[in-house]
Amino acid sequence: MDKEIVKLYILSHPIIRALFSDGVTKEYDVTMYSPQYPGYEELKNPNFFKKAKLLSHCTVYFSDEVDIDSNTIYNDGKTVESEENAYQILLGYELKEARLSKFLSQEQLSELTGIKQGDISKLEKGLMNPSMKTIKRITDACGKKLKISITPRIKY
């Protein structure tokens, strides 16, 4: 299964940063991209590099000729400390996935929950820190069960 990128950051050339759905953040040097692939030379150009965008959570897209899949970034990238609001971003990603699994628009979810559509958008983008009550209203409307898990960072 492909590792899913929740948020992509374009840092200084040639580094991109990706927050993955499992909470891991990786930095990847695009010059590690294999010289045998088309577009390798283009990735050396900082202006071309700045065109990167996230495509379908599994691909960093530069052009029709050049893209890098999420598994490559996950496997070959360097693990770094996540940004402070990573948990909000991950929660927003999970809430959006729950909504989409029920084929609901943000407007429909707003009607079901009484939460403003604009606030749902902000939640899904990781721009708000919702209350547990708000999260529960959304998960209930999406037919999902809310499960909270606290696990140790260090595995014994």
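Going by the structure above, here's the rest.
Not measured: the values here are computed from a predicted model. Position numbers for residues count from 1 along each chain, tracking the sequence in the order it is written. Per-residue local features are limited, in this predicted model, to residues with pLDDT of at least 70; the limit for side-chain atom pairs, both in listing and counting, is 80 or more; totals at the level of whole chains, interfaces and linings are taken over all residues. No hydrogens and no water enter the side-chain calculation; it runs on all heavy atoms of the structure.

## Remarks on the pairing of strand β3 (residues 25–29)
Line of reasoning, step 1. Counting buried positions along β3 yields four of five residues, so the element is predominantly enclosed.
Line of reasoning, step 2. For two strands to pair, DSSP has to find at least two bridges joining them. The numbering of helices and of strands both runs from the N terminus, where a helix is a DSSP run of H or I of at least 4 residues and a strand a run of E of at least 2. Pairing of strand β2 (residues 15–20) with β3 involves five bridges; the strand directions are antiparallel. Within the sheet, the bridge partner assigned to L19 lies in β3 and is T25.
Line of reasoning, step 3. Counted along the chain from β2 to the antiparallel partner β3, the turn is four residues long, and its residue G23 has a positive phi close to 90 degrees. Exposure is judged per residue with a 1.4 Å probe applied to protein chains only, and the accessible area is read against the type maximum: over 50% gives exposed, under 20% gives buried, and values in between give partly exposed.

## Observations regarding the sheet that holds strand β7 (residues 78–80)
Line of reasoning, step 1. With antiparallel pairing, four strands are arranged side by side in an open sheet as β1-β2-β3-β7. In this open sheet, the two edge strands, each paired with only one partner strand, are β1 (5–10) and β7. The sheet shows a mean angle of 30 degrees between the axes of neighbouring strands, direction not considered.
Line of reasoning, step 2. Where β3 lies against β7, three bridges are found, and the strand directions are antiparallel. Each axis is a line fitted through C-alpha atoms, taken for helices only over the stretch in contact, and angles between the N-to-C directions span 0 to 180 degrees.

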